[in-house]
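# Structural overview for review
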Amino acid sequence: MDLTVTTLEGKDAGKVSLSDAIFGLEPREDIIARVVRWQLAKRQQGTHQTKTRGEVSRTGSKMYKQKGTGRARHHSARAPQFRGGGKAHGPVARSHAHDLPKKLRALGLRHALSSKLKSEDVIIVDSLVAADAKTKSLIGAFAGLGLTNALIIGGAELDNNFKLAAQNIPNVDVLPVQGINVYDILRRGKLVLSKDAVEALEERFK
């Protein structure tokens, strides 16, 4: 399918042909959801941990004698029922990551791209190059394109001026094509691809 290419100034820059194998799929929400769950699980820190009765700093001696007090039989004050004791069955430091087949991850990315194109939220720009690192001028260019919430994907190397100018704009993320991922595509309203990014994606899924 053909899509119109524009410049950052909003001028027509011809057309580009998009591969149906990448942008023309019927989006499957179950595949996209599995990839998003895999991404979010992988980024969890998993550093939350409580101390067990074997780790708290309290005496391990018997609290009081076994018989004659009329009270329940207890031994160590480290037991979970006592204030200052260990936590029973608390969280431990671990990795939340789980495996997901590489082919399914690639398929999820293609379905996410197809979903954006189906909802007409994909914009192809000729190049992502800024004359200077001025955020104000870039905001004006984005306003002309109607971009208030967008993920912008450039080629393998990002223009440094463009990257610096865009990093202070709220709700706008800029990534090289190798950093494109399902979660960031879905969390932003518009997907802006440079011609270099389109070529790199088609080469990747050839």
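- For the protein chain, the name recorded in an unreviewed UniProt entry is Large ribosomal subunit protein uL4, with Xaviernesmea oryzae as its organism.
- According to the UniProt record, the Subunit (unreviewed entry) comment for the protein chain reads "Part of the 50S ribosomal subunit."
- Looking at the Sequence similarities (unreviewed entry) heading of the UniProt record, one finds this comment for the protein chain: "Belongs to the universal ribosomal protein uL4 family."

## Observations regarding the packing of aromatic side chains
- Summed over all chains, the structure comprises one aromatic pair.
- Judged by centre distance (6.3 Å) and plane angle (70°), the rings of phenylalanine 142 and phenylalanine 162 are edge-to-face. Of this pair, phenylalanine 142 sits in helix 4 (residues 135-145) while phenylalanine 162 sits in helix 5 (residues 160-166), and the two are 20 residues apart along the sequence. Both residues of the pair, phenylalanine 142 and phenylalanine 162, belong to the buried class.

## A look at the environment of valine 92
- Along the polypeptide, valine 92 turns up in the loop between helix 2 (29-43) and helix 3 (102-118).
- According to the relative accessible area criterion, valine 92 is partly exposed, its value standing at 46%.
- Along the chain, valine 92 and glutamate 202 lie 110 residues apart, while their C-alpha atoms are 43 Å from each other.
- Excluding anything up to four places from it in sequence, valine 92 contacts Gly46, His48 and Gln49.

## A closer look at the sheet that holds strand 5 (residues 172-175)
- Sheet architecture is open: six strands sit in the order 2-1-3-6-4-5, paired in mixed fashion. Each of the sheet's edge strands pairs with one partner strand only, and the pair in question is strand 2 (12-17) and strand 5. The sheet shows a mean angle of 30° between the axes of neighbouring strands, direction not considered.
- Of the strand pairs in this sheet, strand 1 (residues 2-6) and strand 2 are connected by four bridges, and their pairing is antiparallel. Looking at the pairing, threonine 6 lines up with aspartate 12 of strand 2.
- On top of the sheet, helix 3 reaches strand 1, strand 3 (122-125) and strand 6 (190-194); it is set at about 110° to strand 6, its chief contact.

## Description of the packing of helix 2 against helix 3
- With their axes 9 Å apart at the nearest point, helix 2 and helix 3 run at an angle of 115° to one another. In terms of crossing hand, the pair formed by helix 2 and helix 3 is left-handed. Two secondary-structure elements touch here, helix 2 through Ile31, Ile32, Arg34, Val35 and Trp38 and helix 3 through Leu104, Arg105, Leu107, Gly108, His111 and Ala112.
- In terms of residue class, the contact of helix 2 with helix 3 is built from seven nonpolar, two polar and two charged.

Conventions adopted
Residues numbered from 1 in each chain as written. Predicted model: local features only at pLDDT ≥ 70, side-chain atom pairs only at ≥ 80, totals over all residues. Heavy atoms only, no water. UniProt positions renumbered as here; feature names shortened; annotations may be inferred. Phe/Tyr/Trp six-rings, centres within 6.5 Å; stacked < 30°, edge-to-face > 60°. Helix = DSSP H or I, 4+ residues; strand = E, 2+ residues; numbered from the N terminus. Buried < 20%, exposed > 50% of the residue type's maximum accessible area, 1.4 Å probe, protein only. Contact = heavy atoms within 4.5 Å. Pairing = 2+ DSSP bridges. Axes fitted to C-alpha atoms, helices over the stretch in contact; angles between N-to-C directions. Left-handed = near helix turned anticlockwise from the far one by under 90°. Nonpolar A, V, L, I, M, F, W, Y, C, P; charged D, E, K, R; others polar.

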